[in-house]
Amino acid sequence: METLERIIAEHPFFSGLESYYTALLTGCAANARFAGGTYIFKEGEEANEFYLIRSGKVALEIFAPQRKPIVVATLAEGDVLGWSWLFPPYLWKFHAHATVETRAIMLDGKCLRTKCEQNHDLGYEVLKRFSQIVAQRLDATRLQLLDVYAAP
Amino acid sequence: MQAYDFEVIRLVENTPKVIDVGGLGSLVKALILRGYEVIGPTVRDNAIVFDNIESSEELPAGWTDEQAPGHYRLKRREDKAIFGYAVGPQSWKKYLHPADVKLWSAERQGETFRILNNESQPKHPYAFLGVRACDLAAIAVQDRVLIKDKYRDPVYGSRRDSTFIVVVQCTQSAATCFCASMGTGPQAKHGFDLSLTELLDDNRHVFLVHVGSERGAKLLSELEAAPASEEHFRQAETVVETAARQQVRNIDNTGIKELLYQNFEHPRWDNVAARCLTCANCTMVCPTCFCTTVEDVSDVSGVHAERWRRWDSCFTLNFSYIHGGSVRASAKSRYRQWMTHKLASWIDQFGTSGCVGCGRCITWCPVGIDITEEVRAIREGGINGNA
Amino acid sequence: MLETATVPITRDPMLPQPYVVRHVTKETPDTFSLSLEPEDEVNGMAFKPGQFSMLWVFGVGELPISISGDPASPRRLVYTVRSVGNATHAFVSRKVGDTVGVRGPFGTGWPMESARGRDIVVVAGGIGLAPLRPVISEVLNHRQDYGRLVLLYGARSPRDVLYRKELAAWARQAETQVLTTVDYGGLSWHGRVGVVTTLFKFARLQPARSIAMACGPEIMMRFVTRELETQGLKREDIYVSMERNMKCAIGFCGHCQYGPHFICKDGPVFRYDRIQPLLEKYEL
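Residues numbered from 1 in each chain as written. Chains lettered and ligands numbered in written order. Predicted model: local features only at pLDDT ≥ 70, side-chain atom pairs only at ≥ 80, totals over all residues.

S.K.: Just to check I follow, could you spell out the overall build of chain B for this structure?
M.R.: Helix and strand counts for chain B stand at 13 helices and 16 strands. Relative to its length of 387 residues, chain B is compact, with a C-alpha radius of gyration of 22 Å against a globular reference of 21 Å. With the principal axes as the frame, chain B shows a C-alpha extent of 65 × 65 × 40 Å. Burial analysis of chain B (387 residues in total) assigns 47% to the buried set. Counting only contacts in chain B whose residues sit at least 6 apart along the sequence, the fraction spanning at least 24 positions is 71%. (Helix = DSSP H or I, 4+ residues; strand = E, 2+ residues; numbered from the N terminus. Rg over C-alpha atoms; globule rule 2.2 N^0.38 Å. Buried ≥ 20, exposed ≤ 12 C-beta atoms within 10 Å, placed from the backbone. Contact = placed C-beta atoms within 7 Å.)

What follows is the structure, encoded as structure tokens:
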């Protein structure tokens, strides 16, 4: 547990968080390891956790009928995977495919939601960080949409 | 004040002289005898245009021009002044920087090709008769762009080097002239071979001739000329001053570069865009506009190919085309580009303004857009743009 | 005041020299690299990384294309061209043995002098990797003269990735990091998916020691230069390669003007601080 707390404290996503909150978070955390080729979660499943990726690679995929899965983004060390646990209906929108062996800290979303409801200061710290991630991903996605390398 | 890059010739014998109308005729003949193709003003198609002249009889004696935004009319004068007008729609770039030039032709030879550098050269060197101060300044501006920059344009260079220039000083200004405010006139001081100032009153009709070069001096020495008197000099000064005083338009060039660079989004651009037809007339009549395009053509057999250079204009939609679209699609962006280039960017590029105040763009704009008014509107609107 | 050469160049730069196509490589479904050699026994065309040529297909037209080969081999000029219209299609359809006219080299090059002793970050988008390839060749040819080399490359999709073999070879070099990403991935692509700016978090950069060179579509260069600044690079240490309509390549036709700059002779490579305000201007 102590090691986990240190890992969380040192993870870039939670940098600057007071140790009191880090301890709270650790209460919802666990180590996770996914073999290469496995799915961490699939579209439509209940979103009850999120992951701080420590090593490996995760491809966010979307499936469409009669088509091979499309990779819309890849995440790696240092990235945060998953924010659907924050908002109802708490369902995953994409597949998360660990393409190589991937280690992560899994944080229990339900557990964390409850703690955030009880302690709004913790809630604010968590949402502050998540909204920044969402903003960065949105900007990057918009640029991806521009298809700047397409033929004129 | 502009500083143009002329060589100022120091001559042993450069005393001004006076010739009469007959002397003017002899001047033309002497130039032709020397092998020059004399280009001078003449009346055609209700305008004063430049063309090859064989004698001084073809000059526009007794004609003047009435100019205003979008307006040009030839009117009969009450006297017989030969050069009693301002400027016509053409400028000397018609000859120095021609509108259509074949740069080279090529021939396919088996797998490969050979370039035949048979760039068209005029048969005779030119002698320009009737160059106004503004147009002389324009030639200097084009010199800087085409033969004094990183590369030298051989088409312009070969024509320019051999051209004999006879300036005719302005004795009156059109309503569209603003050379005085641009520092380019109305008097031409150097950069010519000979300069003529027409002095006409009830008693006489003569030309005060100033020498500007060795070959100008040589030519003058062959003509019947009288010494110039104080009175001639006084009269010459007066007519030139009159021309300057007559000018009703001006551009205030103080800080004009920053003014235009910093007002990229000034609402005035929308105002002028609503009027501008992007017809490109202004660029065609402007004596300093130099933009061209290159056209590669081949014959049906595919054996012969030619590369042609033609005048182009930044007002065309295609001018700024790159894969998929034009960078300057709107009329607003194109007018802004032209004016900013002419008055501001030119300074960064070549050290002087690109405008010589000839007023042609004002006269020949079909909707009468006045560049001096546009500058004023942006300047008075201020940085925040309230014009 | 913009700089110009002190001695006007008098040899006629409007005449193409005949070059023979020696090799054609299909890089992607619409992009080809052609290797040219001069027809007569001349020394070829010595060029600086970042310079371009005007390529003439007999009777069809001319194209401004960056030289993409190794500056150490001036007799082998390589051009990577994407077929998007008549002229580009005519060029990429040339076969081995055909003759093409070449004028040049024109323009300013990448700042290899300023980069000596420093780390170099090369950011390429799409076909923007072609004008940057000579930089990588130059660095690898003179490895001791430069610091670390980091290449961040974004392509549209896996099949649009250029120079795959070279990318792999470069990645194996000492003090060299190559990161590639695509905008649209697929099952067979095991690499990264996302815009090229997402690669920065993986780049081992020392901003204070670094000089950056970026090339790609203009939108891409805008967001890449912003990201480079966020990463800690100074504007004077960032260089971009700009593009506009070109007809003569020698500063006479006026087409390539970008603000007060002629892209053919003041560029195409520009120091970012000098043109940053222009990049923000719509329809400049």
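More follows now that the structure is in view.
S.K.: When you look at the nonpolar core in this model, what are you seeing that I'm missing?
M.R.: Side chains of a nonpolar character, in soluble globular proteins, are inclined to be buried together. Counting 140 residues, the largest nonpolar core has B:A127 and B:V166 as the members making the most contacts within it. Here the element with the most residues in this core is helix α3 (residues 133-146) of chain B; it accounts for 10 residues. Dropping the residues within four chain positions of it, B:A127 is found in contact with B:L31, B:Y36, B:V38, B:I39, B:F164 and B:V166. A:A29, C:M112, C:L205 and C:Y239 belong to the second largest nonpolar core, which has 84 residues in total. (Core = buried A, V, L, I, M, F, W, Y, C linked by C-beta atoms within 7 Å.)

S.K.: Is there a simple way to explain the interface of chain C and chain A in this structure?
M.R.: How big an interface is tends to be stated in terms of accessible area lost as the parts join. Listed by partner, the interface residues are 25 residues for chain C and 21 residues for chain A. Mapped by element, the contributors of at least two residues to the side of chain C that touches chain A are β10 (192-193) and α5 (218-230) of chain C. With three residues, the single largest contributor to the side of chain C that touches chain A is α5(C). Split into classes, the residues belonging to the side of chain C that touches chain A amount to 11 nonpolar, eight polar and six charged. (Nonpolar A, V, L, I, M, F, W, Y, C, P; charged D, E, K, R; others polar.)

S.K.: I keep staring at the environment of C:R118 and nothing clicks. Help me out?
M.R.: Residue and element names in this part refer to chain C. With respect to the helices and strands, R118 occurs in the loop between α2 (112-115) and β7 (119-125). Given 18 C-beta atoms within 10 Å, R118 falls into the partly exposed group. In sequence terms R118 and Y146 are 28 residues apart; their C-alpha atoms lie 5.6 Å from each other. What R118 contacts, discounting residues up to four positions off in sequence, is G147, R209, S210 and I211.

S.K.: I would appreciate a short explanation of the domain arrangement of chain B in the present structure.
M.R.: All names here are of chain B. What the domain assignment reports for chain B is domain 1 (17-97 + 121-245) and domain 2 (256-289 + 313-381). On the domain 2 side, the residues contacting the 27 residues of domain 1 number 22 residues. Elements with a contribution of two residues or more to the side of domain 1 that touches domain 2: β5 (71-76), α3 and α5 (179-182). By residue number, the principal contributor to the side of domain 1 that touches domain 2 is α3, which donates eight residues. Class assignment of the residues belonging to the side of domain 1 that touches domain 2 gives a composition of 15 nonpolar, nine polar and three charged. (Domains from an automatic or database assignment.)

S.K.: Whenever I open this one, the interface of chain C and chain B confuses me. Can you help?
M.R.: At the interface, 40 residues of chain C touch 44 residues of chain B. The residue inventory of the side of chain C that touches chain B, partitioned by class, reads 18 nonpolar, 12 polar and 10 charged.

S.K.: How do you make sense of the sheet that holds strand β6 (residues 100-109) of chain B when you look at a structure like this?
M.R.: Sheets are built from strands paired through backbone hydrogen bonds, the pairs being either parallel or antiparallel. All names here are of chain B. On the basis of which strands lie adjacent, the open sheet formed by four strands has the order β7-β6-β14-β13 and antiparallel pairing. Each edge of the sheet is formed by a strand with only one pairing partner; in this case those strands are β7 (112-116) and β13 (292-298). Across the sheet, the axes of successive neighbouring strands diverge by a mean angle of 25°, strand direction being ignored. As defined by bridge partners, β13 adjoins strand β14 (residues 304-311) across seven bridges and the pair is classed as antiparallel. (Pairing = 2+ DSSP bridges. Axes fitted to C-alpha atoms, helices over the stretch in contact; angles between N-to-C directions.)

S.K.: What is the right way to look at the sheet that holds strand β11 (residues 205-211) of chain B in this model?
M.R.: All names here are of chain B. Pairing is mixed in the open sheet, where eight strands are placed in the order β3-β2-β8-β9-β10-β11-β1-β12. In the strand order of this sheet, the two ends are held by β3 (47-52) and β12 (226-227), each with one partner. Along the sheet, helix α7 (residues 230-245) makes contact with β1 (17-20), β10 (194-200) and β11, crossing β10 at roughly 90°.

S.K.: Sorry if this is basic, but what is going on with unusual backbone geometry here?
M.R.: Most peptide bonds are trans, and most residues other than glycine sit at a negative phi. With an omega dihedral of 5°, the bond running from A:P88 to A:P89 counts as a cis peptide bond. Tracing the backbone through its elements, the reader meets A:P89 in the loop between β6 (80-81) and β7 (95-98). Residue B:P186 is reached from B:G185 by a cis peptide bond, and omega for that bond is 5°. Structurally, B:P186 is set in the loop between α5 and β10. Notably, A:D147 is not glycine yet its phi reads approximately 50°, a positive angle. If you trace the backbone, A:D147 turns up in the segment after α4 (120-145). When the 13 C-beta atoms within 10 Å are taken as the criterion, A:D147 is described as partly exposed. A positive phi angle is found at B:T278, which is not glycine, with a value near 50°. By the secondary structure assignment, B:T278 is in the loop between α9 (268-273) and α10 (281-285). Judged by the 18 C-beta atoms lying within 10 Å of it, B:T278 is partly exposed.

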